[in-house]
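Summary of the model geometry
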Number of protein chains: 2
Amino acid sequence: MAMKTSRDIRNESRFMVLRAVYAGGTVTRAQVATETGLSPATVATLVGELVEEGVLREAGRISSQGGRPTSTFQANPQRGRLLAIDVAETYVRLDVYDLALARLDQEQVELAPGAQTIASVGEVIGGALTALRRREALADRDILFTGASLPGQVDTARGVDVFAPNWGWRDVPVVDVLEEAVGGRVRVDNPLMALATGELWFGAGRRFRDFIAVNLGTGVGAGIILDGQLLRGRGNSAGEWGHTTLVWQGRACRCGRQGCIESYVGVEGMRRTLEEIRSDHPLLEVVHHRAFIEQLMRAEAAGDAAAREAVQRTGDHLAAGLGNLINLLNPEHVSVLGWITRYAGTDLRERVRTRIQQECLPGPGSGVSLEFTETAGESVSLGMAVLALEGFLEQVGLPSPSSLPAPPAIDRTEHRAAWAVPGAPTPSRGPR
Amino acid sequence: MAMKTSRDIRNESRFMVLRAVYAGGTVTRAQVATETGLSPATVATLVGELVEEGVLREAGRISSQGGRPTSTFQANPQRGRLLAIDVAETYVRLDVYDLALARLDQEQVELAPGAQTIASVGEVIGGALTALRRREALADRDILFTGASLPGQVDTARGVDVFAPNWGWRDVPVVDVLEEAVGGRVRVDNPLMALATGELWFGAGRRFRDFIAVNLGTGVGAGIILDGQLLRGRGNSAGEWGHTTLVWQGRACRCGRQGCIESYVGVEGMRRTLEEIRSDHPLLEVVHHRAFIEQLMRAEAAGDAAAREAVQRTGDHLAAGLGNLINLLNPEHVSVLGWITRYAGTDLRERVRTRIQQECLPGPGSGVSLEFTETAGESVSLGMAVLALEGFLEQVGLPSPSSLPAPPAIDRTEHRAAWAVPGAPTPSRGPR
Ligand SMILES: [Zn+2]
Ligand SMILES: [Zn+2]
């Protein structure tokens, strides 16, 4: 029955202030107070602390007629860098962000098949970081905190990857290895939590307190945000909506259950639906996930009857699955995100929109809004940058610096040496 | 993005203190502090306030060797009464509780078919209250607050029954009518929220912060408790697990959807399962819900093959539905409650226990506990008494009594007159 401590509340208030700043770009204290509902005195204190820590900086002053000029504030891009790492099934990507959460640089490395041990992932990250250190975005800059997304079931509190079946991982101490590779504090999480955090800070979270961020991709899941907080569950695995039964005794799912939503709505699910409709459809030859979805949607738009039927069945399954979430959780809003939304044409959306009302009870169904959001594909990375920012803020927000755990003993010689290599080529900057 | 106010936190802390007192019976301040995690100073202040308001009273003193004697506290049964009203589909029941949440008296009135208008419900309640006022438990006692459970979708904040399809109710202003009938403040809610609140205070809530209270009855639903708080959702209709699809294109559900969990796991669902197995089974003649379940379980225990098959299929559906909840919400614990559990023999439980692990992902499935709880049938009433207590505490916890909304103007003459009737028979006391 433990309650929120005053430190929890203080951290939560800081995040609220920062979310208001990031939402507004350049804001006054009064705007932050209005946006957050915090008292002007609390906002003044928190903004003062954040300025002192260099997280925010004064941006200018607004003069009002007859009154005193009012300061405006913004996130301080000079304060240091945040590193976001996306360890995906076939590649590792590192993104460098400033403290205003603008992306400055990027390095991506394909993982060789069979290289999915934590040691080789650590080595790949170390190498990519060495490359980044040579370039402008990171040269002579501190990495304040790192957020890393890892596949499978990640226990954030323990810093362990509990279960990543495709890689044969069980209870792998990922934080230890990554902190050694990065040379600083690392927070780990899974991609669903990262996506939902991004949506909380920069998407629906700006307008809603209780909403669901559904991710459609190779896998599918649902980030559940209640009262402005991401629901993590007992072991950080809340949100496995993709592995809830929608079709009794239906398709075998890769999780071992039958009839899971993912086996109908995920990429492989759509492929199996198309196969059921027409087992010799030429698109079934397309192995690559994104190419398959892109071509399926194109075929559907071009009038391919089987593709059209597959898209509509997928829409029916998706609508029922979304209806389940809405009836169970009675949210204000549902955002449908993930890379599939980029390729999902209007027909999938229209089908879902047409069907969703009949899948909802009158109460939960009335007034809930539903939005398909085309995300730029950097959502996981941005979410991990936010989680890194949260980690950094919690660190500097500790009551006294002396009570901080000692930083891990890291040998940075290798990186330092790398920076100093004379005549090393300067790779071109990644996309901003 | 509004945060919890200090008043919310104060209310929450009061509830925590009271829950610790109700759990312990007679407790010291130190025990409350240990149990709640609140600081000893906060506990001392809150206990002091609750004693001043007459909610708690000093129960005695414990002397420790050499030290000062320590006071013990308990809920004060003398402080006044709480009234719990259960407006069910066929009856209305009123229960009188003291502030220690001991049930003192009861009055139940069957509702005549066609009498399900709010006006006639109000009249029935007024009449039952008149009867209760004549008896010891309520005579010369104040009703501090009333909690009323109503069918359908209840908007607690607006005091309105939004939608009760079986009664043809839409946006019925139930609080206004009930406050007039009772002559005091009334909080309304639906039975699922009442059950879950009872479980939060007196059941799994004593051991878990994140759990689900599944209700199996004529209807089925899931009270979701996260971080020690009942999830209500945007319109107080969270928890409609019974109306989530488990069987794609399955049975028509009374909600208008297809394949809802309720149409397999609720009473009518079990009846339809039995009918599918053996359409001429004699038990299908049993119309009354409780009698049907009781006799089905008895037949199953006696070796009736069709009954056994029906129980096992129900167990399979229930296990999958529980697996959905566990995968989606990753709770610490699931309690299965409701009147069906009283009749559900070990075979249903065993079937669920056997199947549940394969319905859960490795993460959420490991360590979650599952418990079938035989409730005494008074769970809704007890939950509404707790909600009445919460309403009372919030009322006395307001910053200043002068800022309270004016109590509704009620003519209590009728009740007073009823008490004064000379020679009126004194009905026998209800069950304690
Ligand atoms: Zn699955
Ligand atoms: Zn239904």
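Throughout what follows, the structure given in this document is the object of discussion.

What counts, and at which threshold
Residues numbered from 1 in each chain as written. Chains lettered and ligands numbered in written order. Predicted model: local features only at pLDDT ≥ 70, side-chain atom pairs only at ≥ 80, totals over all residues. Heavy atoms only, no water. Core = buried A, V, L, I, M, F, W, Y, C linked by side-chain atoms within 4.5 Å. Buried < 20%, exposed > 50% of the residue type's maximum accessible area, 1.4 Å probe, protein only. Contact = heavy atoms within 4.5 Å. Donors = N, O, S within 2.8 Å, 3.2 Å for Na, K, Ca; no water. Tetrahedral: all angles 85-135°; square planar, octahedral: opposite > 155°, others 65-115°. Helix = DSSP H or I, 4+ residues; strand = E, 2+ residues; numbered from the N terminus. Phe/Tyr/Trp six-rings, centres within 6.5 Å; stacked < 30°, edge-to-face > 60°. Lys NZ or Arg CZ within 6 Å of the ring centre and 35° of its normal. Least-squares fit on C-alpha atoms with pLDDT ≥ 70 in both. Expected span 1.5 Å × (residues − 1). 1 Å grid on protein atoms, 1.4 Å probe; cavity = no way out; pocket = protein on both sides within 12 Å on 5 of 7 lines; lining within 4 Å. Points joined across faces, edges and corners; volume = space filled by probe spheres on them. Nonpolar A, V, L, I, M, F, W, Y, C, P; charged D, E, K, R; others polar. Pairing = 2+ DSSP bridges. Buried area = accessible area lost by both parts, 1.4 Å probe. Salt bridge = Lys/Arg side-chain N within 4 Å of Asp/Glu carboxyl O.

**Section: the nonpolar core**
Val 214, Trp 241 and Leu 322 of chain A together with Val 214, Trp 241 and Leu 322 of chain B are the most contacted members of the largest nonpolar core, which has 103 residues in total. Not counting residues within four places of it along the chain, the set of residues in contact with Trp 241 of chain A comprises Val 214, Val 220, Gly 221, Ala 222, Ile 261, Leu 318, Gly 321, Leu 322 and Leu 325 of chain A together with Leu 328 of chain B.

**A few points about the coordination of the zinc ion (ligand 1)**
Residue and element names in this part refer to chain A. The protein atoms that coordinate the zinc ion (ligand 1) are His 243 (ND1), Cys 253 (SG), Cys 255 (SG) and Cys 260 (SG), at distances of 2.0 to 2.4 Å. Taken together, the four donor atoms coordinating the zinc ion (ligand 1) and their angles of 103 to 121° define a geometry best described as tetrahedral. Mapped onto the sequence, the residues coordinating the zinc ion (ligand 1) show the spacing H-x9-C-x1-C-x4-C. Remark: Cys 255 occurs in the loop between β14 (229–230) and α7 (262–265) and His 243 occurs in the loop between β14 and α7; sequence separation between them is twelve residues. On the basis of relative accessible area, His 243 is assigned to the buried category, the value being 7%.

**Thoughts on the coordination of the zinc ion (ligand 2)**
Residues and elements named next belong to chain B. In this structure, His 243 (ND1), Cys 253 (SG), Cys 255 (SG) and Cys 260 (SG) serve as the protein donors to the zinc ion (ligand 2), at separations of 2.0 to 2.4 Å. One can describe the site at the zinc ion (ligand 2) as tetrahedral: its four donor atoms subtend angles covering 103 to 121° at the metal. Linear spacing of the donor residues for the zinc ion (ligand 2) on their chain is H-x9-C-x1-C-x4-C.

**Examining the packing of aromatic side chains**
Under the counting rule described, the total for this entry stands at twelve aromatic pairs over all chains. Measuring from ring centre to ring centre gives 6.1 Å for Trp 339 of chain B and Tyr 343 of chain B, while their planes differ by 75°; the resulting arrangement is edge-to-face. What makes Trp 339 of chain B buried here is its relative accessible area of 13%. Taken together through their ring pairs, the aromatic side chains of Phe 15, Tyr 22, Trp 201 and Phe 202 of chain A make up a single cluster. Lying across the ring of Phe 292 of chain A, Arg 271 of chain A places its NZ or CZ 4.6 Å from the centre.

**Regarding the relation of the copies chain B and chain A**
Applying a rotation about an axis and a shift along it to one chain copy brings it onto the other copy. Between chain B and chain A, which share one sequence, the superposing operator has a rotation angle of 180° and an axial displacement of 0.0 Å; the RMSD is 0.1 Å. Look at the turn and shift together and you get a two-fold axis relating the two. When the interface residues of chain B are mapped onto chain A, 100% of them again lie at the interface, so the same face is used by both copies.

**Focus on helix α14 (residues 379–396) of chain A**
In this model, α14 of chain A (18 residues) spans 26 Å end to end at C-alpha, consistent with the 26 Å of a helix rising 1.5 Å per residue. With 15 of 18 residues buried, α14 of chain A is to be regarded as a mostly interior element.

**A word on empty space enclosed by the protein**
Counting across every chain of the model gives four cavities of 30 Å³ or more. Each pocket or cavity is described by its volume, and for the largest cavity that value is around 120 Å³. Taken together, Trp 241, Thr 244, Thr 245, Asn 324, Leu 325 and Leu 328 of chain A together with Trp 241, Thr 244, Thr 245, Asn 324, Leu 325 and Leu 328 of chain B make up the lining of the largest cavity. Looking at the lining of the largest cavity, the elements that each hand over two or more residues are α10 (305–329) of chain A together with α10 (305–329) of chain B. Considering only residue class, the lining of the largest cavity consists of six nonpolar, six polar and no charged.

**Regarding the sheet that holds strand β13 (residues 220–226) of chain B**
Residues and elements named next belong to chain B. The strand order β14-β13-β12-β15-β16 describes an open sheet built from five strands, whose pairing is mixed. Looking along the sheet, the strands with just one partner apiece sit at the ends: β14 (229–230) and β16 (369–372). Bridge count between strand β12 (residues 211–216) and strand β15 (residues 333–337): five bridges; the pairing is parallel. Across the sheet, Ala 213 pairs through a bridge with Ser 335, a residue of β15.

**Examining the interface of chain B and chain A**
Contact with chain B, which involves 62 residues of that partner, is made by 62 residues of chain A. Summed over both sides, the interface between chain B and chain A buries roughly 4800 Å², with carbon and sulfur atoms accounting for 62% of that surface. The interface formed by chain B and chain A contains two salt bridges. Across the pair Glu 359 of chain B and Arg 257 of chain A runs a salt bridge whose closest N-O atoms are separated by 3.2 Å. Elements represented by at least two residues in the side of chain B that touches chain A include exactly α1 (6–24), α2 (29–36), β13, α10, α12 (346–359) and α13 (362–365) of chain B.

**Things to note about the pattern of salt bridges**
Between side chains of opposite charge, pairing is possible as soon as their charged atoms come close. Under the definition given, this model contains 50 salt bridges over all chains. Close ionic contact of Arg 251 of chain B with Glu 276 of chain B constitutes a salt bridge, the shortest N to O distance being 3.3 Å. Highlighted residues: Arg 251 of chain B in the loop between β14 and α7 (262–265) and Glu 276 of chain B in helix α8 (residues 267–277), separated in sequence by 25 residues. Classification of Arg 251 of chain B by relative accessible area gives buried; the value is 8%. Taking the relative accessible area as the measure of exposure, Glu 276 of chain B reaches 53% and is therefore exposed. Ionic contacts of the salt-bridge type, sharing partners, join the residues Arg 257 of chain A together with Asp 316, Arg 351, Arg 355 and Glu 359 of chain B into one network.

In short, shape yes, function no, at least from these values alone.
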